[in-house]
Amino acid sequence: GSGSFEMLAPRGISAHNTYLRILFEQGLLGLGTFLIGIFAVLHTFWKTSLKKSTTIALFASIIGILAHGFVIDTLHMRHFWILLGLL
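Only a predicted model underlies this, so the values are computations on that prediction, with no experimental measurement involved.

Remarks on the packing of helix 3 (residues 53-68) against helix 4 (residues 78-86)
Then, in step 1: Closest axis-to-axis distance for the helix 3/helix 4 pair is 10 Å, and the angle between their directions is 145 degrees. The handedness of the crossing between helix 3 and helix 4 is left-handed. Only His79, Phe80, Leu83, Leu84 and Leu86 of helix 4 make contact with helix 3, whose side of the interface consists of Leu58, Ser61, Ile62, Ile65 and Leu66.
Then, in step 2: When grouped by side-chain class, the residues that make up the contact of helix 3 with helix 4 number eight nonpolar, two polar and no charged.

Now the structure itself:
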């Protein structure tokens, strides 16, 4: 469950990786669901709305946060979910 990575890791260190945290806490099914959900939103947005410079900036911001997730746990960053909701 949530926070279990820190409870089981040596000295309670954090994963500092969104995808590793989801994989550890929710398993393959949870990671797959997360990635499919994000991909579905981005794919729909790409097909329907990617025409203006503001929407390109929004799309680039979300891709940046997803890439940032490999080095910092971004799962609980509110601005990621707000940007995703704006799509």
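Regarding the packing of aromatic side chains
Note on aromatic pairs: each is described by the distance of the centres and the angle between the planes.
Then, in step 1: The final tally for this structure, using the stated rule, is six aromatic pairs.
Then, in step 2: Considering the side-chain rings of Phe34 and Trp81, the 6.3 Å spacing of their centres and the 70 degrees angle between planes classify their relative orientation as edge-to-face. Taken as a pair, Phe34 in helix 2 (residues 18-48) and Trp81 in helix 4 lie far apart in primary sequence, 47 residues in all.
Then, in step 3: Taking relative accessible area as the criterion, Trp81 reaches 38% and is therefore assigned partly exposed.
Then, in step 4: Considering the side-chain rings of Phe80 and Trp81, the 4.8 Å spacing of their centres and the 70 degrees angle between planes classify their relative orientation as edge-to-face.
Then, in step 5: Within the aromatic cluster, the residues linked to one another by ring pairs are Tyr19, Phe34, Phe70, Phe80 and Trp81.

Cut-offs used in this document
Residues numbered from 1 in each chain as written. Predicted model: local features only at pLDDT ≥ 70, side-chain atom pairs only at ≥ 80, totals over all residues. Heavy atoms only, no water. Axes fitted to C-alpha atoms, helices over the stretch in contact; angles between N-to-C directions. Helix = DSSP H or I, 4+ residues; strand = E, 2+ residues; numbered from the N terminus. Left-handed = near helix turned anticlockwise from the far one by under 90°. Contact = heavy atoms within 4.5 Å. Nonpolar A, V, L, I, M, F, W, Y, C, P; charged D, E, K, R; others polar. Phe/Tyr/Trp six-rings, centres within 6.5 Å; stacked < 30°, edge-to-face > 60°. Buried < 20%, exposed > 50% of the residue type's maximum accessible area, 1.4 Å probe, protein only.

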